[in-house]
Amino acid sequence: MNRILEIFDVAKKNPLFLGVACSDFERMLNCLSPKTACYKKDDVILMSGDTVNFVYLVLSGGAKLVKEDANGNITIIVELSVSETFGEAFACAAASPSSVSLLASDDTEILFMNYKKIITSCTAACPFHAKLIENMLKMIAKKTLILDQKIEILSKRTTREKLLCFFDIQRGAGRIFTIPFNREELACYLCVDRSAMSNELCKMRDEGLINFQKNRFEIL
């Protein structure tokens, strides 16, 4: 029972479980045929080309979606933190093979949930299934918007333009913000050379546009 409560404390922060009461969670989880698995840093959770039948929920640690081109160059698509999910879009597309790999960013535990059981009402007609289906549609729509943001960033022609676009999205309405990447990961995410990007960041700081320390930035 304590284990169920531990999982609920993480899962309730995810939009998929919005409106699901703790009293319903154990019964709901049993309907989804869940399983958990633990991974070490840099372990492969899902390989590009694998068929996706599950929704992956990060219970601890973190994970990153990466894409590798024919030359072996790796691009970070997005970082997943605790309580975030992956896989719903591919699973929704009728078990479509994944075009990206999912790697553990740290020592990580993942909860696997059967996608078809999330969107299909069970024989017991559990009342929370309608809520799960509604939440799932909202999640897929939101992640589509996030991918649109990534496309917007990569459409910029120069490293500075990509950085400024990325910062504008990350900071929201504030001037000070923290990004989820180190320098190497940020360069991969923006699809730019790391040295050139570091030089550009220093130029922007010298010009009084930004200030930064590690992954904490301020728009001046």
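See the structure printed just above.
Conventions we followed
- Residues numbered from 1 in each chain as written.
- Predicted model: local features only at pLDDT ≥ 70, side-chain atom pairs only at ≥ 80, totals over all residues.
- Heavy atoms only, no water.
- Pairing = 2+ DSSP bridges.
- Helix = DSSP H or I, 4+ residues; strand = E, 2+ residues; numbered from the N terminus.
- Salt bridge = Lys/Arg side-chain N within 4 Å of Asp/Glu carboxyl O.
- Buried < 20%, exposed > 50% of the residue type's maximum accessible area, 1.4 Å probe, protein only.
- Arc of directions from axis to C-beta.
- Contact = heavy atoms within 4.5 Å.
- Axes fitted to C-alpha atoms, helices over the stretch in contact; angles between N-to-C directions.

A. Structural context of the pairing of strand β4 (residues 63-68). Looking at chain direction, β4 and strand β5 (residues 74-80) are connected through six bridges and run antiparallel. Bridge assignment links Lys 64 to a residue of β5, and that residue is Glu 79. Connecting β4 to the antiparallel partner β5 that follows it, the hairpin turn spans five residues, and Gly 72 within it adopts a positive phi of roughly 85 degrees. Across four bridges, β4 lies against strand β7 (residues 101-104) in antiparallel orientation. Across the sheet, Val 66 pairs through a bridge with Ser 101, a residue of β7.

B. A look at the pattern of salt bridges. By the definition in use, this model includes eight salt bridges. A salt bridge links Arg 3 to Glu 109; the shortest N-O distance between them is 2.4 Å. Of this pair, Arg 3 sits in helix α1 (residues 2-11) while Glu 109 is found in strand β8 (residues 108-114), placing the two residues 106 residues apart along the sequence. With a relative accessible area of 35%, Arg 3 lands in the partly exposed category. Shared partners join several salt bridges into a network, and the residues in it are Arg 3, Glu 6 and Glu 109.

C. Layout of the pairing of β7. Burial of β7 is two-sided: the residues Ser 101 and Leu 103 facing one way and the residues Leu 102 and Ala 104 facing the other way are all buried. Pairing geometry for strand β2 (residues 44-46) and β7, over two bridges, is antiparallel. Residue pairing in the sheet places Val 44 in a bridge with Leu 103 of β7.

D. Structural view of α1. Residues of α1 that are buried: Ile 4, Ile 7, Phe 8, Val 10 and Ala 11. Across the axial projection of α1, the buried residues extend over an arc of 160 degrees, all falling on one side. Next to the buried residues of α1 lie α2 (22-31), β3 (54-60) and β8.

E. View of the sheet that holds strand β9 (residues 176-178). Taken in spatial order, the three strands make up an open sheet running β9-β11-β10, and their pairing is antiparallel. Pairing within the sheet leaves two strands with one partner each, and these edge strands are β9 and β10 (210-213). Here the average twist between neighbouring strands, direction ignored, is 20 degrees. Pairing between β9 and strand β11 (residues 216-219): three bridges, direction antiparallel. From the neighbouring strand, Ile 176 faces β11, where its bridge partner is Glu 218. Together, β9, β10 and β11 form the strand contacts of helix α6 (residues 159-171), whose direction differs from that of β9 by roughly 95 degrees.

F. The sheet that holds β2, seen in detail. Here we have four strands laid out as an open sheet, ordered β2-β7-β4-β5, and antiparallel in their pairing. The open sheet is flanked by β2 and β5, the only strands paired with a single partner. Here the strands of the sheet are splayed against their neighbours by 35 degrees on average, with no regard to which way each runs. Set on the sheet, helix α7 (residues 183-190) makes contact with β4 and β5; between it and β5 the angle comes to about 110 degrees.

Coordinates in, geometry out; function isn't part of it.
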